[in-house]
Amino acid sequence: MTAASGWERLRAWFLLPAWIWMAVLFAAPFAIVIVYSLLTRGAYGGLGLPWTLENFARLLDPLYLGIVLRSFVMAAATTVICLLLGFPLALFISRAGGRKNIYLQLVILPFWTSFLVRIYAWMFLLRDTGLINTALQHLGLIHDPLPLLYNNGAVLLGLVYGYLPFMVLPVYATLERLDPALVEAAADLGAKPWPTLLHVILPLSVPGIRAGSILVFIPALGAYLTPDLLGGGRTVLIGNLVENQFTNARDWPFGAALSVGLMALVGVLVLLMLRSEREGLV
Amino acid sequence: MESILELRDLVKHFPNHRAVNGISLKIPRGGFYSLLGPSGCGKTTTLRLIAGFESPTSGEVLLDGAVVNEQKPYQRNVSTVFQNYALFPHLTAAENVAFGLKRKNQPEIERKVREALELVRLTGKESRHPAQLSGGERQRVALARSLVLQPDVLLLDEPLAALDPKLRKQMRLELKEMQRRVGITFLLVTHDQEEALSMSDQLAVMNNGAIEQVGTPQDVYLRPRTRFVAGFLGAVNWIDGIGLRPEVTRISRGLPANGARFRPATVTGSVFLGNCVHVLARLESGEDAVAEIPRNNGAYQAGESVHFCWNPSDEMILP
Amino acid sequence: MKRWLGLYAALVYLFLHLPLVILAAFSFNSSRFTVWQGFSLHWYRAIFQDRQLGESAWNSVIIAVVATIFSTIAGTLCAYGLWKRGSALLSGSLYLSLVTPEIVMGISLLALFQWSFRWLHWRLGLHTVILAHVAFSIAYVVIVIAARLRTFSPALEEAALDLGATEWQAFRFVTLPALLPGIVAAALLALTVSFDDYVITSMVAGVDSETLPMVIYAMARRGASPVINAISALIVVVFGALVLISERMREA
């Protein structure tokens, strides 16, 4: 009976629900998906033997590779735009003195309201009978409505809108920890605002930028709802492709293989993120 | 009479740190006892071994004659006053004091709490929360909380460290007085030698996980048994292997009186400390020494040739 | 530079908030077209008359409340256990559950349930949705409580033991009261996350366990009436309030 054994026992009991969660609701589902990815599609959309690697081979089909590529490009574009939009905002908040918290809340708050509603808001604005088109028509600037919705651009807009806070927060955290003395030293040595930004602030914000980029890229890569609603079925990304296999196409093994592939990508990105956490000041 | 607390060859090794390396100690009932040593010497670990927060690697802890190694903190009849008091923030002062009594389902909780708070002079502040109390008041709540359980030994982990200096001196007297009144054995852990000297009936000096000397404050200060103890308890001048405390040395321009030993020296500086003066001198034999002299014993200029003197009976000869 | 930065920030905040404001504004439009034709509470009244909305909203509430109860308890205990001594496997799984794309979580849970139908005689329904919601919200609870524990001093638990409390009593009488604001914050968070979920829910819901997001999704796809605007406005206000309270509790 050591001093620590009482705590160990309590800890074991307390972690039991979480272990059950992990086994039943986390590991088991993934294990089943991996098994399914190695099976064959049955006659009526079910599953059966034989074991095969066919589903993974299909991933290399140009049609599907194209979708993967498009997803990558979309996620990358989202990340870049979020960075361009988000960095100045993070900079502003970090210099806002006593009001920092309010400005931070203003960024976080819309994110924690309904994701679905936020996407619908853009549908309301962008569609043919939406606010923007109606307004432009009323002002006589256009005659026929502009096709603002149901295309890649709308999806990109939705992704940026949805994930911007994921970029702003880590960048802000890094900028916050920046020693103001460094900026003052730069000014003291004769640097004007722009060069200071480029040569002092920006390099030191790299850890935050790296974290924010991965935090935006990962969900953007696996996005489903945004391309589904704002792309109207025309913008097919990995997420939409996976969903389709489990509903319309009824090709579970292939959908499972896609999921395994997507999770592998996510896994690599997470490892990159952990590495940058260890090196950087995230 | 059996000691209330005994440590036998107590050892505690952590994975990359040997904190306690074989300590044996017998603490008698009813006194004020201190463990004195620099940070990292193992005194806090020893305290935690006694309280039951750590298990010994080897050796025994005995309370009132019984080995308690296997007992959890809540089974031992000792109580700890933590360095930052560890008062429960969501409870009032009275509820904090009542906490231990409630856990042990003791009767007459209200009366005991009232008496404990009276003992520490906090009547009237029972319904305050720790956040609404001053540092000194929080310490008294911590004391009351532990004392109300009538432990065999009260362990105090650097209790005065978090207080400001003026309050510290006052609390020394109060703690000493409280121990006398309550009669419970107090075991104090501190790195402040003035604290240990002024409050203890007996103290143990620790260094590097071992006890270097046990004794009364006079024993330990005037007759240190090792160089470390001598140096830790106060300032020492080391001259030719002999230790001399600054307050037993004098400076004189002429040759000193009969019986005194002396060395020729050159004054290198003089520091006025208010109640006394420290004269720094370099002896002919090369050592630097400090003499503490009364403040109106004349001023000495740097560069002066003087004699550095002392009585042979004040010498500390140590291995 | 500061002035330009401020102007820029204002524009970005406008970008973030204006769509929702406009959406809410038009919920008061008396006509169903995107031209303002007068103030009306017509669409709000329509909400309460729509049976499907009412039932799905009720389902969402039940699912959210039950799932939150389970995930808050499991998550709090988990965060505490990990605080005592970490577990790379458990922490890693929790983290992974947060970064897993929702669609992957949805289909994997669907696969689990379908596979289980062979042995357990049940079908997709409220219970499968509740299980799925517990699955993805535990991690949120753990994060909130873990953050709270970082500011909690272990000396308080030691003091409790010292005074005669067992380990369980120390947790119950000292740690738990200190965690309470965090637990409330985590629960509110889990509630909103659960109530709003569409992707995972749609994959594991049965025919008679429609949730409010599923109905909204269908309406959004059809491009239906401003009733969506009204529901959206209500949701935003309610969620916003819950999140604000949650944030307040987090800092308490």
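Residues numbered from 1 in each chain as written. Chains lettered and ligands numbered in written order. Predicted model: local features only at pLDDT ≥ 70, side-chain atom pairs only at ≥ 80, totals over all residues.

Caption draft 1: Looking closely at the overall build of chain A. Helix and strand content of chain A: 13 helices and two strands. The C-alpha radius of gyration of chain A comes to 24 Å, more than 25% above the 19 Å expected for a compact globule of 282 residues. Referenced to the eigenvectors of the C-alpha coordinate spread, the extents of chain A come out at roughly 85 × 75 × 35 Å. For chain A, with 282 residues in total, the buried portion stands at 44%. Contacts in chain A between residues at least 24 apart in sequence constitute 70% of all its contacts with a sequence separation of at least 6. (Helix = DSSP H or I, 4+ residues; strand = E, 2+ residues; numbered from the N terminus. Rg over C-alpha atoms; globule rule 2.2 N^0.38 Å. Buried ≥ 20, exposed ≤ 12 C-beta atoms within 10 Å, placed from the backbone. Contact = placed C-beta atoms within 7 Å.)

Caption draft 2: View of the interface of chain A and chain B. Facing four residues of chain A, the contacting portion of chain B comprises six residues. Grouping the constituent residues of the side of chain A that touches chain B by class yields two nonpolar, two polar and no charged. (Nonpolar A, V, L, I, M, F, W, Y, C, P; charged D, E, K, R; others polar.)

Caption draft 3: Looking closely at the sheet that holds strand β14 (residues 261-272) of chain B. Residues and elements named next belong to chain B. Strand order in the open sheet formed by five strands is β13-β17-β14-β15-β16, and the pairing between neighbours is antiparallel. The sheet terminates laterally at β13 (249-252) and β16 (288-294), the two strands that pair on one side only. For this sheet, the mean inter-axis angle between neighbouring strands, taken without regard to orientation, is 45 degrees. Judged from the six bridges that link them, β14 and strand β17 (residues 305-310) form a sheet pairing that is antiparallel. Across the sheet, the residue bridging to Ala265 is Val306, located in β17. (Pairing = 2+ DSSP bridges. Axes fitted to C-alpha atoms, helices over the stretch in contact; angles between N-to-C directions.)

Caption draft 4: Molecular detail of the environment of Phe15 of chain C. Residues and elements named next belong to chain C. Here Phe15 lies in helix α1 (residues 2-25). Classification of Phe15 as partly exposed rests on a count of 15 C-beta atoms within 10 Å. The spacing of Phe15 and Thr100 is 85 residues in sequence and 28 Å in space, taken between C-alpha atoms.

Caption draft 5: Spotlight on the interface of chain C and chain A. With 63 residues of chain C at the contact, the number on the chain A side is 63 residues. Tallying contributions element by element places α1 of chain C first for the side of chain C that touches chain A, with 13 residues. A per-class count over the side of chain C that touches chain A returns 45 nonpolar, twelve polar and six charged.

Caption draft 6: View of the nonpolar core. With 153 residues, the main nonpolar core has Leu109 and Ala186 of chain C as its most contacted residues. Per element, the largest residue contribution to this core is 15 residues, and it comes from helix α7 (residues 152-176) of chain A. Not counting residues within four places of it along the chain, the set of residues in contact with Ala186 of chain C comprises Thr72, Gly75, Tyr140, Val141, Val144 and Ile145 of chain C. Of all hydrophobic cores here, the second largest spans 81 residues; its members include Ala93 and Ala94 of chain B together with Ala165 and Val174 of chain C. (Core = buried A, V, L, I, M, F, W, Y, C linked by C-beta atoms within 7 Å.)

Caption draft 7: Fine view of the confidence of the model for chain B. With 100% of its residues at a pLDDT of at least 70, chain B reaches an overall mean of 93. Predicted complex metrics record ipTM = 0.91 and pTM = 0.90. (pLDDT = per-residue confidence, 0-100.)

Caption draft 8: Up close: unusual backbone geometry. Residue and element names in this part refer to chain B. One non-glycine residue with positive phi stands out, namely Gln150, at about 50 degrees. Secondary-structure assignment places Gln150 in the loop between α4 (135-147) and β7 (153-157). C-beta crowding within 10 Å serves as the criterion here: with 15 such atoms nearby, Gln150 is assigned to the partly exposed category. A positive phi angle is found at Asp240, which is not glycine, with a value near 55 degrees. The topology assignment puts Asp240 in the loop between β11 (237-239) and β12 (242-244).

Caption draft 9: Expanded view of the environment of Ala210 of chain B. Residues and elements named next belong to chain B. The residue Ala210 is located in strand β10 (residues 210-215) in this model. For the pair Ala210 and Pro130, spaced 80 residues apart in sequence, the C-alpha separation works out to 37 Å. Contacts of Ala210, omitting those with residues within four sequence positions, involve Asn21, Gly22 and Ile23.

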